[in-house]
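If you want the building blocks of each chain, they are given just below.
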Amino acid sequence: MKITDITLDRLRLQLDPPLRAAWDPEPRTSFDATIVRVHTDEGVTGIGSGDTMDGFDAFKDLFLGQDPLDIVRHVKAIETANFHGGYYWPVEVALWDIIGKVAGLPVATLLGNAAHSVPAYASSAELKPPAERVETALHARELGFRAMKIRIDRDRVEDGVRAVAAVREALGDGFEIMVDLNQSWRMAGDTANASDLVKTRKLVRRLAELDVFWVEEPLPYNDLDGFKTLRAENPGVRIAAGEMQHSLPELLRYLEHDVLDIYQMDVVLAIGMHRARTLAELAQLKHRQFTPHSWTNGIGVLANLHVAAGVGGGPYFEFPFDPPGWTPQRRDFMLAEPVMVNRAGELEVPQTPGLGIELDEDAVRRWRIA
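Below you will find a few notes about this structure. This one's a predicted model, so the numbers in the text were calculated from it and none came from an experiment.

## Structural notes on the overall build of the protein chain
Part 1: Helices and strands together make up the secondary structure of the protein chain, namely 12 helices and 12 strands.
Part 2: Computed over C-alpha atoms, the radius of gyration of the protein chain comes to 20 Å, within 12% of the 21 Å expected from 2.2 N^0.38 for 370 residues, which places it in the range of a compact globule.
Part 3: In the protein chain, which comprises 370 residues, the share counted as buried stands at 57%.
Part 4: Sequence-distant contacts in the protein chain: of pairs separated by 6 or more residues, those separated by 24 or more amount to 75%.
Part 5: Roughly 14,900 Å² of accessible area belongs to the protein chain as shown, and the carbon and sulfur atoms make up 50% of that amount.
Part 6: Positive and negative side-chain charges of the protein chain, numbering 40 and 55 respectively, have mean locations separated by a distance of 3 Å.

## Brief notes about the nonpolar core
Part 1: Counting residues in hydrophobic clusters, the biggest one holds 116 residues, and the most contacted among them are Val-38, Val-91, Val-164, Met-273, Met-334 and Leu-347.
Part 2: The element that contributes the greatest number of residues to this core is helix α10 (residues 298-311), accounting for 9 residues.
Part 3: If we skip the residues at most four places from it in the chain, Leu-347 touches His-116, Ser-117, Val-118, Ala-120, Val-301, Leu-305, Phe-317, Phe-319, Val-339, Met-340 and Val-341.
Part 4: Core analysis: the next-biggest nonpolar cluster, separate from the first, contains 8 residues, Tyr-121, Ala-147, Trp-214 and Tyr-316 among them.

## With respect to helix α9 (residues 273-285)
Structural remark: α-helix, 3.6 residues per turn; residues separated by three or four positions point the same way.
Part 1: Over its 13 residues, α9 runs 18 Å from end to end, which matches the ideal 18 Å to within 8%, given 1.5 Å per residue.
Part 2: Regarding α9, the residues found buried are Met-273, His-274, Arg-275, Ala-276, Leu-279, Ala-280 and Ala-283.
Part 3: Within two residues after α9, His-287 carries a phi angle of roughly 65 degrees, on the positive side.

## Some details on unusual backbone geometry
Part 1: The amide bond that connects Gly-314 to the next residue, Pro-315, takes the cis arrangement and shows omega of 10 degrees.
Part 2: Relative to the assigned elements, Pro-315 resides in the loop between α10 and β11 (317-320).
Part 3: Residue Pro-324 is bonded to the preceding Pro-323 through a cis peptide linkage, with omega at 5 degrees.
Part 4: Position of Pro-324 among the secondary structure elements: in the loop between β11 and α11 (328-331).
Part 5: Positive phi, normally seen in glycine, also occurs at Asn-113, with a value near 60 degrees.
Part 6: Topologically, Asn-113 is positioned in the loop between α3 (107-110) and β4 (117-123).
Part 7: Note on Asn-113: relative accessible area 31%, which makes it partly exposed.
Part 8: Despite not being glycine, Asp-258 has its phi angle at roughly 50 degrees, a positive value.
Part 9: Following the sequence through the fold, Asp-258 ends up in the loop between α8 (248-256) and β9 (262-263).
Part 10: Asp-258 gets classed as partly exposed once you look at its relative accessible area, which sits at 26%.

## Structural notes on the packing of aromatic side chains
Part 1: Scanning the entire structure with this criterion turns up 15 aromatic pairs.
Part 2: Measuring from ring centre to ring centre gives 6.2 Å for Phe-319 and Phe-321, while their planes differ by 45 degrees; the resulting arrangement is tilted.
Part 3: Note on Phe-321: relative accessible area 6%, which makes it buried.
Part 4: Ring pairs connect the aromatic residues Trp-23, Phe-31, Trp-295, Trp-326, Phe-333 and Trp-367, which therefore count as one cluster.

## Quick word on the pattern of salt bridges
Part 1: According to the stated counting rule, one finds 30 salt bridges in the structure shown.
Part 2: Residues Glu-216 and Lys-149 are paired through a salt bridge, measuring 2.8 Å at the closest nitrogen-oxygen approach. You can see Glu-216 sitting in strand β7 (residues 214-216) and its partner Lys-149 sitting in strand β5 (residues 147-151), a full 67 residues away along the chain.
Part 3: Residue Glu-216 is classed as buried on the basis of its relative accessible area, which comes to 0%.

## A short note on the environment of Ile-299
Part 1: Structurally, the position occupied by Ile-299 is in helix α10.
Part 2: Through-space distance from the C-alpha of Ile-299 to that of Ile-152 is 27 Å; in sequence the pair is 147 residues apart.

## So, the layout of surface pockets
Part 1: Of the volumes computed, that of the largest pocket is approximately 900 Å³.
Part 2: Looking at the largest pocket, it is lined by 40 residues, and the ones nearest its centre are Arg-28, Phe-31, Thr-52, Met-187 and Trp-295.
Part 3: With 7 residues, the single largest contributor to the lining of the largest pocket is strand β2 (residues 28-40).
Part 4: For the lining of the largest pocket, the class distribution of residues is 15 nonpolar, 10 polar and 15 charged.

## A short note on the environment of Val-102
Part 1: If you trace the backbone, Val-102 turns up in helix α2 (residues 89-103).
Part 2: Distance from Val-102 to Thr-278, taken between C-alpha atoms, is 23 Å for residues 176 residues apart in sequence.
Part 3: Once residues lying within four places of it in the same chain are set aside, the contact partners of Val-102 are Met-1 and Leu-69.

## Concerning the sheet that holds strand β3 (residues 46-49)
Part 1: What the 3 strands build is an open sheet, ordered β1-β2-β3; its pairing is antiparallel. In the strand order of this sheet, the two ends are held by β1 (3-19) and β3, each with one partner. The mean angle between the axes of side-by-side strands here comes to 20 degrees, regardless of whether they run parallel or antiparallel.
Part 2: Bridge count for β1 against β2 is 12 bridges, and the pairing is antiparallel. Bridge assignment links Arg-12 to a residue of β2, and that residue is Asp-32.
Part 3: Strand contacts of α2: β1, β2 and β3, with the helix running at about 150 degrees to β3, the strand carrying the most contacts.

The rules behind these values
Residues numbered from 1 in each chain as written. Predicted model: local features only at pLDDT ≥ 70, side-chain atom pairs only at ≥ 80, totals over all residues. Heavy atoms only, no water. Helix = DSSP H or I, 4+ residues; strand = E, 2+ residues; numbered from the N terminus. Rg over C-alpha atoms; globule rule 2.2 N^0.38 Å. Buried < 20%, exposed > 50% of the residue type's maximum accessible area, 1.4 Å probe, protein only. Contact = heavy atoms within 4.5 Å. Areas by Shrake-Rupley, 256 points an atom, 1.4 Å probe, with all protein chains shown as cover. Lys, Arg positive; Asp, Glu negative; His and termini not counted. Charge placed at Lys NZ, Arg CZ, Asp CG, Glu CD. Core = buried A, V, L, I, M, F, W, Y, C linked by side-chain atoms within 4.5 Å. Expected span 1.5 Å × (residues − 1). Phe/Tyr/Trp six-rings, centres within 6.5 Å; stacked < 30°, edge-to-face > 60°. Salt bridge = Lys/Arg side-chain N within 4 Å of Asp/Glu carboxyl O. 1 Å grid on protein atoms, 1.4 Å probe; cavity = no way out; pocket = protein on both sides within 12 Å on 5 of 7 lines; lining within 4 Å. Points joined across faces, edges and corners; volume = space filled by probe spheres on them. Nonpolar A, V, L, I, M, F, W, Y, C, P; charged D, E, K, R; others polar. Pairing = 2+ DSSP bridges. Axes fitted to C-alpha atoms, helices over the stretch in contact; angles between N-to-C directions.

In structure tokens, the structure reads:
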């Protein structure tokens, strides 16, 4: 089997009303998705998505004529291309889709088959006042979710703490709450400084008193000592990070120095499926946890799910969900059916060969941009 072509479909869904993501200074009036298709001479096509794939045409020849099953070779080739361009992990996703289809098995089975489903948490996007955030948490619980992640803006800390406290009071101790401070990386053009360590230490102590399950990305990635300080001072709350950490050596350094409780590398944005699996297993061998970031689209959600389920990641899996601004229908507009949790609040691994991706070709044609 040989790779004959790699094609890209660039899609754009208009968002009305816009999504006011807490980590983005500008409201999002559109949502872009790039669909990657790896074609073979035996008629098997793999599908991937995640990053923008900008500039990939300059590197496509690295893969044409190669056997799609040679995944380690392709991961290394993607890493060399990433050094000179963007982050091309959606190609690896499409290659794993091919491998699963050829084997006749779900990719999670090939990656270890540790779990057939993973409990999901409703991952919010927008900053909402306490009463409104409680309503969304109650709705999430009605749908089966057992946990929710709430965003806190560095410039509106008191509002965020009040929202967390309101959800804790309304839903009780049986509902887990995660908090994301979004301090580890920045959107393009966001040049504001992160909160300093003293302010962050005070905030994490307050959140620990509210029994949050974890505090996510509380500091910039380069502040390893700060992360370790937060962990040492707050043994009752987990510290999570790593979603956009692209450096494999840096992630290994995190593991060697025991910086985090929970590692969150996104397999379509950060380091790929193969590398994420390796790092996840290393984290678990050190008695730490892996639960990947999954804020892209339904294809990215599925790619991360297969890795997490394959290695036994958890204890929760991120499910982007914050209606009406962010719904499965918006997120998965290119799919025949949106990815959704079951009534037990779990994401089930599709049992079809590959990743279980079924595109809505009419939607692809409708939303394709030049």
